[in-house]
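Chain and residue survey
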Amino acid sequence: MSGQADISFLRHSTLEAARALLGKEIITEIDGEVTSGFITETEAYLGLEDRAAHTFGGRMTKKNEKMFNSFGHLYVYSMHGHNCMNFLTREKEHPEGVLIRGIEPNTGKDAMARRRGRGNDLTAGPGKLTEALGIKRDLHNGMELNNGILTLREGKTPAVIEATKRIGIETKEEAVDFPYRFIIKGNPHISRFKGRVSENNGWKH
């Protein structure tokens, strides 16, 4: 697939990568169907020193072993029956990554709706968007980005990026308060959206 993004920015700061991913378009081609969406919500996980990260303390397990890879790979894990997708950042000795929490549907909305079994609320949450895009832990955990199955492409430019606390990590002591979640302000395709939808869903013209 042509027009893929340069993903070398994932090599550096995980926090900067989490912001830079906003607006990028994720495109999947699975079972002959193309689906895509623009990233609206991310969370950074800073590895060894971050109590909320699966690699906190550096212990490798069967569940998290794919986190110990270099930037540009996927880490897909399952939680409560849902698949959650992370893009790895930095190098192997720094097992960090960015959880993709929300996308704004673009291509293949009918396929997304069929996979989700519903016509609305398709991608506002990490488990929802992977189901809509066809990403599964048993098939895609550990694969590289831009490999023909999942492609990252330049997309839209955020008008305002807002940083907040991460979601669903209430037991992780000091990590609860880290402002490592980033959203397109005013875009409705994010977890627990509240407030008003902004002009152009929060994108610049």
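Relevant structure appears above.
Concerning the environment of I183
- Here I183 lies in strand β8 (residues 181-184).
- Using a relative accessible area of 7% as the deciding quantity, one classes I183 as buried.
- As for I183 and P158, which are separated by 25 residues in sequence, their C-alpha atoms are 9.2 Å apart.

Considering the environment of G57
- Tracing the chain through its elements places G57 in the loop between β2 (33-45) and β3 (74-79).
- Overall, the relative accessible area of 63% leaves G57 in the exposed class.
- Sequence separation of G57 and G47 is 10 residues, and the distance between their C-alpha atoms is 7.8 Å.

Examining the packing of aromatic side chains
- Taken as a whole and judged by the stated rule, the model has 3 aromatic pairs.
- Between the aromatic rings of F38 and W203, the centroid separation amounts to 6.3 Å while the plane-to-plane angle is 65°, which identifies the pairing as edge-to-face. Pair noted here: F38 is in strand β2 and W203 is in the segment after β8, with a separation of 165 residues, a long-range link.
- Ring centres of F178 and Y180 lie 5.1 Å apart, and the angle between their planes is 40°; this geometry places the pair in the tilted category.
- Here K24 stacks its cationic end above the ring of F9, 5.1 Å away from the centre of that ring.

Things to note about the side chain of N69
- With respect to the element layout, N69 can be found in the loop between β2 and β3.
- N69 sits in the buried class, given a relative accessible area of 18%.
- Contacts of N69, omitting those with residues within four sequence positions, involve L88, E91 and K92.

About the cut-offs
- Residues numbered from 1 in each chain as written.
- Predicted model: local features only at pLDDT ≥ 70, side-chain atom pairs only at ≥ 80, totals over all residues.
- Heavy atoms only, no water.
- Helix = DSSP H or I, 4+ residues; strand = E, 2+ residues; numbered from the N terminus.
- Buried < 20%, exposed > 50% of the residue type's maximum accessible area, 1.4 Å probe, protein only.
- Phe/Tyr/Trp six-rings, centres within 6.5 Å; stacked < 30°, edge-to-face > 60°.
- Lys NZ or Arg CZ within 6 Å of the ring centre and 35° of its normal.
- Contact = heavy atoms within 4.5 Å.

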